[in-house]
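Listed below, chain by chain, are the residues.
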Amino acid sequence: MRYLLLSDVHGNWEAFKAVLGEVKNEKFDRVIFLGDIVGYGADPQKCCEQLKKLEPITVMGNHDAAVLRPELLSWFNHYARLALEWTAAHLSKSCLEYLASFPVRVKFDDITAVHSNPYKPESWEYILSKLDALFYIKKTSDRIILFGHTHIPVIYEYDGESVRTIKPDGNPFKLDIENKRYMLNPGSVGQPRDNDPRAAYAILDTDEMTFVVKRVEYDVEKAARKIIDAGLPRFLGERLYTGE
Ligand code: ZN
């Protein structure tokens, strides 16, 4: 199977559209969405409708959860909270119902998909280092764990003792699935935070056993302007230019 991995779209229609245009040339069998279709960006409804059309395997992100359950808003910083309140008011009933259908964890073919971490997905704790990865990979037995949430593409490779961090470089990375286990993050479509403003997505090929992260230029200016014009925090638009 060739899976298209998407995560953290965050209501950024320009980025989402650019990725979908790019992947027309990629043969893939199924889309896996790793959470956070909404929050921060100015087009939550459009992104939600488009995601649904892709009929993906999905998991719940913390922003998706917070538009459904306002009691979770206290978890977020000021900017994110303002954006989430705005987002909740700009989603149709059918989109809210779609978000509510997302499970926090999905397992298939020795793969686990979550938004934050595979141990307690609803703690929304981040995996930001190889020590974090080691902690979580020891709590599971799956060969491949897919996650998002940090908005930083990464490969963590576990050899049974320690974890090695591999920064994706745009070339297919061969997974040594007989001997090792992996935690894979495709990066963020709509709000990259690895100092590369381009939208990120990944392809996981479970026949070839390869994982590749790709980047796509998109109309950052338009997405940023929409955020500011919508009255959302200016910072959320400005950060898109630098991918921070
Ligand atoms: Zn996110």
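That block above? That's the structure.
Please read these numbers as outputs of a predicted model, since none were measured by experiment.

Thresholds, definitions, all that
Here the residue index of a chain counts from 1 through its sequence in written order. Confidence filtering applies because this is a predicted model: local features only for residues at pLDDT of at least 70, side-chain atom pairs given and counted only at 80 or more, and all residues used for totals across whole chains, interfaces and linings. To obtain the side-chain values, all non-hydrogen atoms of the structure were included, while hydrogens and water were left out. Note: metal donors comprise N, O and S atoms at 2.8 Å or less from the metal (3.2 Å for Na, K and Ca); water molecules are not included, so apparent gaps in a site are possible. Angular criteria define each label, namely tetrahedral for four donors with all angles between 85 and 135 degrees, square planar for four and octahedral for six donors with opposite donors over 155 degrees apart and remaining angles between 65 and 115, and irregular for whatever fails these tests. At least two DSSP bridges between two strands are required for those strands to pair. The helix count covers DSSP runs of H or I at least four residues long, the strand count covers runs of E at least two residues long, and both are numbered beginning at the N terminus. We call two residues contacting when some pair of their heavy atoms lies within 4.5 Å. Orientation is described by lines fitted to C-alpha atoms, with helices fitted over the stretch in contact, and by angles between N-to-C directions that extend from 0 to 180 degrees. A pair of Phe, Tyr and Trp rings is counted when the ring centres sit within 6.5 Å of each other, with Trp represented by its six-membered ring. The angle between the planes then sorts it: under 30 degrees is stacked, over 60 is edge-to-face, the rest tilted. Remark: exposure states derive from per-residue accessible area (1.4 Å probe, protein chains only) relative to the maximum for the residue type, with buried under 20%, exposed over 50%, and partly exposed in between. Note on geometry: a ring has a charge over it if NZ (lysine) or CZ (arginine) is within 6 Å of the ring centre and within 35 degrees of the ring normal. If the strands point away from the viewer and the path from the first strand over the helix to the second runs clockwise, then the crossover is right-handed.

J.: Explain the coordination of the zinc ion to me, please; I cannot follow it from the model alone.
T.: For a metal with four tetrahedral donors the ideal donor-metal-donor angle is 109.5 degrees, while six octahedral donors give ideal angles of 90 or 180 degrees. Around the zinc ion, the protein contributes the donor atoms Asp8 (OD), His10 (NE2), Asp36 (OD) and His151 (NE2), which lie 2.0 to 2.5 Å from the metal centre. Classification of the site at the zinc ion rests on its 4 donor atoms, whose angles at the metal span 85 to 177 degrees, yielding the label irregular.

J.: Explanation requested: the sheet that holds strand E2 (residues 30–33) in the structure shown.
T.: Think of a sheet as strands paired side by side through backbone hydrogen bonds, with each pair either parallel or antiparallel. An order of E3-E2-E1-E11-E12-E9 is seen for the 6 strands of this open sheet, with the pairing classed as mixed. Every other strand in the sheet has two partners, leaving strand E3 (57–58) and strand E9 (173–174) as the edge strands with one partner each. Here strand E1 (residues 2–6) pairs with E2 via 4 bridges, running parallel. Directly across from Leu5, in E2, lies its bridge partner Ile32. Strands in contact with helix H1 (residues 13–22) are E1, strand E11 (199–205) and strand E12 (210–216); relative to E11, the strand with the most contacts, it is inclined by about 40 degrees.

J.: How should I be thinking about the packing of aromatic side chains in this particular structure?
T.: Each aromatic ring pair is described using two quantities: the centre-to-centre distance and the angle formed by the ring planes. Tallied over the entire structure, the rule returns 10 aromatic pairs. Ring centres of Tyr98 and Phe102 lie 4.9 Å apart, and the angle between their planes is 85 degrees; on these two criteria the pair is classed as edge-to-face. Each member of the pair Tyr98 and Phe102 is classed as buried. Consider the rings of Phe135 and Tyr136, whose centres lie 4.9 Å apart with planes at 85 degrees: the pair is edge-to-face. Assessed through its relative accessible area of 8%, Tyr136 is described here as buried. These aromatic residues form a ring-pair network of at least three members: Trp75, Phe76 and Tyr126. Between Lys139 and the ring centre of Tyr119, over which it is positioned, the NZ or CZ distance is 4.6 Å.

J.: Would you mind showing me how to read the pairing of E2 here?
T.: On any regular strand, side chains alternate: one points to one face of the sheet, the next to the other face. With H1 bridging E1 and its parallel neighbour E2, the resulting β-α-β unit is right-handed. The sheet contact formed by E2 and E3 spans 2 bridges and is parallel. What sits directly across from Phe33, in E3, is Thr58. Handedness of the crossover joining E2 and E3 through helix H2 (residues 44–53) is recorded here as right-handed.

J.: So what exactly am I meant to see when it comes to the environment of Leu134 here?
T.: Turning to its location among the elements, Leu134 is positioned in helix H6 (residues 130–137). C-alpha of Leu134 to C-alpha of Glu161: the two residues are 27 residues apart in sequence and 8.7 Å apart in space. Excluding residues that lie within four positions of it along the chain, Leu134 makes contacts with Tyr158, Glu161, Ser162 and Val163.

J.: Mind showing me how you'd approach unusual backbone geometry here?
T.: A negative phi angle characterises most non-glycine residues, just as the trans form characterises most peptide bonds. If you check the backbone angles, Asp109 has positive phi at about 45 degrees while not being a glycine. You can see Asp109 is positioned in the loop between strand E4 (105–108) and strand E5 (111–114). Judged by its relative accessible area of 59%, Asp109 falls in the exposed class. Phi angles above zero are rare outside glycine, and His151 is one such case at about 65 degrees. Checked against the element boundaries, His151 lands in the loop between strand E6 (144–146) and strand E7 (154–158).

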